[in-house]
Amino acid sequence: MLPVLYIVIPCYNEEEVLPVTAPQFLAKLQQLSSEEKISPESRIMFVDDGSKDRTWNIISSLSAEDPHFSGIRQSRNRGHQNALLAGLMEAKDLCDITISIDADGQDDLDAMDEMVDAYHDGCQIVYGVRNKRKSDTFFKRTSAQAFYKLLSWFGVESIYNHADYRLVSAEALNAFSQFEEVNLFLRGMFPLVGFKSTCVYYERRERIAGKSHYPFSKMLNLAINGITSLSVKPLRVITVSGSIVAFISFIFVIWSVLEGFLGLSVPGWASMTAIICFLSGVQLISVGILGEYIGKIYLEVKHRPRFIISERTYDMNK
Ligand code: UDP
Ligand code: MG
């Protein structure tokens, strides 16, 4: 039996983009199905992340026109990761494989052929990896690359240059649904699920229309979230640097006492100020990092729902 594929696409304020990219997704689905790689029952599932523009109207009319389109709507905007999770959790009971991709046409659809082939070869998770980032601005490219480096330095097992373009089988998603954390960093969490996996390489293009929803502040947020959700190494860095600073201070104390005894001491205002400023800086940063983790614990303990679906273009009970 051919596997049923669901292409899961989070959309936030994408009214300019969807009319262009939706037919491209459909064409890809039909090509895969005509090549008998996937079942004709396969679907495209849009997840409207509480858009403020006409995105949901577009999704509704697309699914009214063609049964290959379907959509769910989040009760409010909760961010890309949560929207994607909502789509994946919804799709896992309806299909055999999911492919998640952004709505904006930046990721090469042709990589899906290889992803599906890899699934037929027994892979449960296939990561789409950008091999060039020519279309991104210099700033986005270097900051993203620094981020991946930092992640691996902190011991987070993430796939270099992989965003959220990924094939995941329903079997792997069922295992993944046991990961109940509220702080989501999906691309760092999937490697923890295990199963046989591989990478597929493609070139990332420019956004077709509209503008990026990931300004620097959101990117920074995702980066901090990625590190503090998946690694406790920063806490260890605090301990180690604290010990080093304490050791240096100890030597300094001996030195100053000796100087005092030998009668060499001068008022020493500058050195005192420098030490106090340095130490309070180190302490504040450390308290800040501790605070990040306590904040995470606070959010996890509340265990609020990670997504709430308010509408569907289809009847769930059918
Ligand atoms: N997105 C979302 N909720 C948000 C922000 C973005 O569902 O709050 C979606 C957006 O519609 C797109 C994907 O996430 O399909 C990636 O966003 P974008 O293309 O703006 O990010 P970039 O490619 O610039 O990193
Ligand atoms: Mg994009």
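See the structure above.
Residues numbered from 1 in each chain as written. Chains lettered and ligands numbered in written order. Predicted model: local features only at pLDDT ≥ 70, side-chain atom pairs only at ≥ 80, totals over all residues. Heavy atoms only, no water.

Participant: Give me the lowdown on the overall build of the protein, citing residues and values where you can.
Facilitator: Across its full length, the protein holds ten helices and eight strands. Computed over the C-alpha atoms, the radius of gyration of the protein is 25 Å, more than 25% above the 20 Å expected from 2.2 N^0.38 for a compact globule of 318 residues. The buried share of the protein, reckoned over its 318 residues, is 44%. Long-range contacts, defined as pairs at least 24 residues apart, comprise 83% of the intrachain contacts of the protein with a sequence gap of at least 6. (Helix = DSSP H or I, 4+ residues; strand = E, 2+ residues; numbered from the N terminus. Rg over C-alpha atoms; globule rule 2.2 N^0.38 Å. Buried < 20%, exposed > 50% of the residue type's maximum accessible area, 1.4 Å probe, protein only. Contact = heavy atoms within 4.5 Å.)

Participant: Before we move on, can you summarise the site of ligand 1 with the specific residues and values?
Facilitator: Close contacts around ligand 1 come from 20 residues, with Glu14, Asp49, Asp104, Ser212 and His213 the closest. At 3.4 Å, a backbone N or O of histidine 80 approaches a nitrogen atom of ligand 1. At 2.6 Å from an oxygen atom of ligand 1 is found a side-chain nitrogen or oxygen belonging to aspartate 104. Of all the secondary-structure elements, those providing two or more residues to the shell around ligand 1 are β1 (5–11) and α3 (80–91). (Near = heavy atom within 4 Å. Polar contact = N/O pair within 3.5 Å; in protein donor to acceptor, adjacent residues only side chain to side chain.)

Participant: An account of the side chain of threonine 228 is needed here, citing residue identities and associated values.
Facilitator: Topologically, threonine 228 is positioned in helix α8 (residues 216–230). Reaching out from threonine 228, the side chain makes a polar contact with the backbone oxygen of isoleucine 224 at a distance of 2.7 Å.

Participant: Go over the nonpolar core with me, naming the residues and quoting the values.
Facilitator: Ranked by internal contacts, the top residues of the largest apolar core, which has 34 residues, are Ile9, Ile44 and Phe46. Every residue in contact with phenylalanine 46, bar those within four places of it in the chain, is listed here: Ile9, Cys11, Leu18, Ala22, Ile59, Leu62, Phe69, Ser70, Gly71 and Ile72. Membership of the second largest hydrophobic core comes to 26 residues, among which are Met45, Val47, Tyr127 and Leu184. (Core = buried A, V, L, I, M, F, W, Y, C linked by side-chain atoms within 4.5 Å.)

Participant: So what's going on with unusual backbone geometry? Residues and values would help.
Facilitator: At glutamate 36, a residue that is not glycine, the phi angle is positive and equals roughly 60°. By the element assignment, glutamate 36 lies in the loop between α1 (18–34) and β2 (43–48). For glutamate 36, a relative accessible area of 58% gives the class exposed. The backbone phi angle of phenylalanine 195 is positive, close to 70°, even though this residue is not glycine. Relative to the helices and strands, phenylalanine 195 is located in the loop between α7 (186–193) and β7 (197–203).

Participant: Any details on helix α9 (residues 233–261)? Residues and values, ideally.
Facilitator: Between its terminal C-alpha atoms α9 stretches 42 Å, which fits the 42 Å expected from 29 residues at 1.5 Å a residue. Those residues of α9 not exposed but buried are Pro234, Ile238 and Val245. In the stretch just after α9, glycine 263 is the one whose phi turns positive, near 70°. (Expected span 1.5 Å × (residues − 1).)

Participant: Can you tell me about the packing of aromatic side chains, naming the residues and giving the values?
Facilitator: Tallied over the entire structure, the rule returns eight aromatic pairs. On the numbers, 6.0 Å between centres and 75° between planes, the contact of phenylalanine 147 with phenylalanine 185 is edge-to-face. Residue phenylalanine 147 is found in helix α5 (residues 138–153), and its partner phenylalanine 185 is found in the loop between α6 (170–176) and α7; the two are separated by 38 residues along the sequence. Pair check on accessibility: phenylalanine 147 and phenylalanine 185 agree, each one buried. On the numbers, 5.6 Å between centres and 20° between planes, the contact of phenylalanine 176 with phenylalanine 179 is stacked. Ring-pair connections join several aromatic residues into one group, and the members of that group are Phe147, Tyr148 and Phe185. Seen from the ring of tryptophan 153, lysine 233 lies directly overhead, with NZ or CZ sitting 4.9 Å from the centre. (Phe/Tyr/Trp six-rings, centres within 6.5 Å; stacked < 30°, edge-to-face > 60°. Lys NZ or Arg CZ within 6 Å of the ring centre and 35° of its normal.)

Participant: Explain the pairing of strand β3 (residues 69–74) to me, using residue names and the numbers behind them.
Facilitator: Among the six residues of β3, five are classified as buried, and the element is accordingly described as predominantly covered. One ladder, built from five bridges, connects β2 with β3; its direction is parallel. Following the sheet pairing, aspartate 48 is matched in β3 by arginine 73. Strand direction decides the pairing type here: β3 and strand β8 (residues 309–312), joined by three bridges, are antiparallel. Bridge assignment links isoleucine 72 to a residue of β8, and that residue is arginine 312. (Pairing = 2+ DSSP bridges.)

Participant: Kindly report on the side chain of aspartate 49, identifying the contributing residues and their values.
Facilitator: Along the chain, aspartate 49 turns up in the loop between β2 and α2 (55–65). Discounting chain neighbours no more than four positions away, the residues touching aspartate 49 are Cys11, Tyr12, Gln74, Arg76, Asn77, Arg78, Gly79, His80 and Ala83.

Participant: Explain the coordination of the magnesium ion (ligand 2) to me, and be specific about the residues and the numbers.
Facilitator: As a benchmark, a tetrahedral metal site with four donors has ideal angles of 109.5 degrees, while an octahedral site with six donors has ideal angles of 90 or 180 degrees. The coordination sphere of the magnesium ion (ligand 2), as far as protein atoms go, consists of Asp104 (OD) and Gln106 (OE1), spread over 1.9 to 2.0 Å. On the basis of relative accessibility, which here comes to 3%, the residue aspartate 104 falls in the buried class. (Donors = N, O, S within 2.8 Å, 3.2 Å for Na, K, Ca; no water.)

Participant: Now, about the pattern of salt bridges: what can you tell me, with residues and values included?
Facilitator: Overall, the coordinates contain eleven salt bridges when judged by the stated rule. Residue aspartate 113 is joined to lysine 28 by a salt bridge in which the shortest nitrogen-to-oxygen separation is 2.5 Å. A residue pair is termed long-range when its members are at least 10 positions apart, and aspartate 113 in helix α4 (residues 111–120) and lysine 28 in helix α1 qualify at 85 residues. The class for aspartate 113 is buried, based on a relative accessible area of 15%. On the basis of relative accessibility, which here comes to 5%, the residue lysine 28 falls in the buried class. (Salt bridge = Lys/Arg side-chain N within 4 Å of Asp/Glu carboxyl O.)

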